Amino acid sequence: MNQTVLIIDDSPDIHRIIEVRGRDLDVRFVSALDAEEGFALAASERPDLILLDVDLGEGTSGFDLCERLKSTPVVRDVPVIFLTGEGQSDSKIRAFDIGAVDYVVKPFNHGELLARMRSALRTKHLVDMLAECANLDGLTGLRNRRYFDERLAQEVETVRRHDCALTLIIMDIDKFKTINDTLGHPRGDQVIQALGQVIQRVGRMTDIPCRLGGDEFVLMLPQTDTPAVEVVAERLCEAVRSDETLNRLVPNGVTCSVGLASTSMLEDLSADALIEAADQALYASKRGGRDRWTA
Ligand code: GH3
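Keep in mind that this is a model prediction, so the values were computed, not measured. Chains are numbered independently. Their residues run from 1 in the order of the written sequence. This being a predicted model, a pLDDT of at least 70 is required before a residue's local features are given, and a value of 80 or more before pairs of side-chain atoms are given or counted; all residues contribute to the totals for chains, interfaces and linings. No hydrogens and no water enter the side-chain calculation; it runs on all heavy atoms of the structure.

Draft legend 1. Highlighting the side chain of Thr-167. Locating Thr-167 in the fold gives a position in strand β6 (residues 166–173). Looking at Thr-167, the relative accessible area reads 0%, which means it is buried. Among the polar contacts listed, one links the side chain of Thr-167 to the backbone oxygen of Thr-224, at a separation of 2.7 Å. For the purposes of this entry, the term helix denotes a DSSP run of H or I that reaches at least four residues, the term strand denotes a run of E that reaches at least two, and both are numbered from the N terminus. Burial here depends on accessible area, computed with a 1.4 Å probe over protein chains only, as a share of the maximum for the residue type. Under 20% is buried, over 50% is exposed, and the range in between is partly exposed. Here a polar contact is recorded for every N or O atom pair within 3.5 Å, except that within protein the pair must consist of a potential hydrogen donor and a potential acceptor, and residues adjacent in sequence are included only if both atoms are side-chain atoms.

Put into structure tokens, the structure is as follows:
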């Protein structure tokens, strides 16, 4: 049971009927009786499907809630099926135009509603899988630049709201062109793959390793400030130097240069400023003779 369905309807009977009839769907149901509770649960639970009543009572409209959901980044891709007593075409057209995937008129046939829910959940699963693939780097299996940019924007927003810290460790292989030129491009690819393993091993579960492109990697460390990270940077340089796979692939050994930057060091907080600061630190490591880290 790894998919979640949020039912937003002011009638407890509707919740009960759907939950009982939907037992075979093997999903987790979450219930809200009004728009505010529904919006809050959508944001916190990130469901895979929302069943939304049009008339939520006390003059509240499911259409307004749907528009609010569709303009909120964290929930805008959750499919919405309207459940409503209003069967007029105008209502149906409005529902689809504001982003609903389906529209079911009450009283509904239970089997048909479940079939529509299964269809929407299948599509959501496929969309999730495609989104996951689009975020992965093909060579290393780490997250890619696209994911990094999106996640960094989110994490910087979290720092802004909760006044916490975020640190980037950017890493670039030293003299990688020489490795390619002397040992061949396929061996260079193997070195990049092995580096991906090393950076994954060095980080904690909550850290986010990504390949930015070429021989450049980044480890994003949420809720972490620079002094605490210096030990990670040192561990990373040492792990690259002593990695058995890397030493087998490149007889002369592999080293990397590392740059650290934390949001606490910035005067103007932004994703671009944080990357720029980490890049400057990385170039300082290169200028300083490579195989070292700079904060
Ligand atoms: P420095 O120590 O100053 O960083 O020197 P460098 O030789 O590592 O310089 P640079 O980082 O500019 O070189 C990166 C090289 O990485 C150049 C490019 O051809 C190679 N490269 C980029 N992507 C790939 C890849 O996917 N596989 C392989 N094998 N090589 C790649």
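Now that the structure has been shown, we can carry on.
Draft legend 2. Representation of the site of the ligand within the structure. Contacts to the ligand come from 16 residues, most closely from Lys-175, Phe-176, Asn-180, Asp-189 and Arg-290. Backbone polar atom of Ile-173 to an oxygen atom of the ligand: 3.2 Å apart, as the coordinates give it. In the model, an oxygen atom of the ligand is placed 3.2 Å from a nitrogen or oxygen of the Asp-215 side chain. Per-residue and other accessible areas follow the Shrake-Rupley method at a 1.4 Å probe size, with only the shown protein chains counted as cover for residues. Here the ligand has 660 Å² of accessible area as a free molecule, and 68% of this is covered by the chains. Looking at the shell around the ligand, the elements with two or more residues in it are β6, α7 (176–183) and α8 (185–202). Ranked by residue count, the leading element in the shell around the ligand is α8, at four residues. Considered class by class, the residues forming the shell around the ligand number three nonpolar, four polar and nine charged. Residues are counted as near a molecule or strand when any one of their heavy atoms sits within 4 Å of it. In the scheme used here, Gly and all other residues not listed as nonpolar or charged are polar, with Ala, Val, Leu, Ile, Met, Phe, Trp, Tyr, Cys and Pro taken as nonpolar and Asp, Glu, Lys and Arg as charged.

Draft legend 3. Molecular detail of helix α2 (residues 35–45). Restricting attention to buried positions, one finds in α2 the residues Ala-35, Gly-38, Phe-39, Leu-41 and Ala-42. Along α2, the residues classed as buried sweep out an arc of 165 degrees about the axis, all on the same side. Of the exposed residues in α2, those oriented more than 90 degrees away from the buried face are Glu-36 and Ser-44. Contacts were defined at the residue level, with two residues in contact if any of their heavy atoms lie within 4.5 Å. The inward-facing, buried residues of α2 abut β1 (4–8), β2 (28–32), β3 (49–53) and α3 (62–70). Measuring from the backbone nitrogen of Glu-36 back to the side-chain oxygen at the start of α2 gives 3.2 Å, which picks out Asp-34 as the cap. Arg-46 sits one or two positions beyond α2 and adopts a positive phi of about 45 degrees. Read the arc as the range of directions from the helix axis to the C-beta atoms.

Draft legend 4. Broad picture of the nonpolar core. If you look at the biggest cluster of nonpolar residues, it comprises 30 residues, and the most contacted ones within it are Ile-169, Val-191, Leu-195, Val-254 and Val-258. Secondary-structure elements contributing two or more residues to this core are β6, α7, α8, β8 (216–222), α9 (226–242), α10 (244–249) and β9 (256–262). With residues up to four places along the chain from it excluded, the contact list for Ile-169 reads Phe-217, Val-218, Leu-219, Leu-221, Val-229, Val-232, Ala-233, Leu-236, Val-258, Gly-259 and Leu-260. What makes a nonpolar core is a set of buried Ala, Val, Leu, Ile, Met, Phe, Trp, Tyr and Cys residues whose side-chain atoms join them at distances within 4.5 Å. Residues Ala-32, Ile-50, Leu-56 and Val-78 belong to the second largest nonpolar core, which totals 24 residues.

Draft legend 5. Fine view of the packing of aromatic side chains. Working definition: rings of Phe, Tyr and Trp (its six-membered ring) pair if their centres are within 6.5 Å, and the pair is stacked with planes under 30 degrees apart, edge-to-face with planes over 60 apart, and tilted otherwise. Evaluation of the coordinates by the stated rule reveals two aromatic pairs. On the numbers, 6.5 Å between centres and 50 degrees between planes, the contact of Phe-82 with Tyr-103 is tilted. Residue Phe-82 is found in strand β4 (residues 80–84), and its partner Tyr-103 is found in strand β5 (residues 102–105); the two are separated by 21 residues along the sequence. We classify Phe-82 as buried; its relative accessible area is 0%. Owing to a relative accessible area of 8%, Tyr-103 belongs among the buried residues under this scheme. In this structure an aromatic cluster arises from ring pairing among Phe-63, Phe-82 and Tyr-103. Definition used: whenever NZ (Lys) or CZ (Arg) falls within 6 Å of the ring centre and also within 35 degrees of the ring normal, the charge is taken to sit over that ring. A cation sits over an aromatic face here: Arg-68 above Phe-39, 3.7 Å from the ring centre. Here the basic side chain of Arg-143 rests over the ring of Tyr-147, its NZ or CZ set 4.4 Å away from the ring centre.

Draft legend 6. Just the pattern of salt bridges, in detail. Every case where a carboxyl oxygen of Asp or Glu lies within 4 Å of a side-chain nitrogen of Lys or Arg is listed as a salt bridge. Counted by the stated rule, this structure contains 22 salt bridges. Between Glu-132 and Arg-143 there is a salt bridge, and its shortest N-O distance comes to 3.1 Å. In this pair, Glu-132 is assigned in helix α5 (residues 110–134) and Arg-143 in the loop between α5 and α6 (145–162), connecting sequence segments eleven residues apart. Judged by relative accessible area, Glu-132 falls into the partly exposed class, the value being 37%. Classification of Arg-143 as partly exposed rests on a relative accessible area of 25%. Linking Asp-137 and Arg-211 is a salt bridge whose minimum nitrogen-to-oxygen distance equals 3.2 Å. Pair noted here: Asp-137 is in the loop between α5 and α6 and Arg-211 is in strand β7 (residues 208–213), with a separation of 74 residues, a long-range link. On the basis of relative accessible area, Asp-137 is assigned to the buried category, the value being 14%. Here Arg-211 falls in the buried class, since its relative accessible area comes to 13%.

Draft legend 7. Structural view of the sheet that holds β5. Within the open sheet, the five strands sit side by side as β2-β1-β3-β4-β5. Their pairing is parallel. At either margin of the open sheet sits one strand with a lone partner, and together these are β2 and β5. Within the sheet, the average angular offset between the axes of one strand and its neighbour, ignoring direction, is 20 degrees. Direction of pairing for β1 relative to β3: parallel, over a ladder of four bridges. Bridge pairing in β3 places Ile-7 opposite Leu-51. Angles run from 0 to 180 degrees between N-to-C directions of axes, and those axes are lines fitted to C-alpha atoms, restricted for helices to the stretch in contact. Packing against the sheet, helix α1 (residues 12–21) makes contact with β1, β2, β3 and β4, and its axis sits at approximately 175 degrees to β2. Strands are labelled as partners when DSSP assigns at least two bridges between them.

Taken by themselves, the reported measurements are silent on function.
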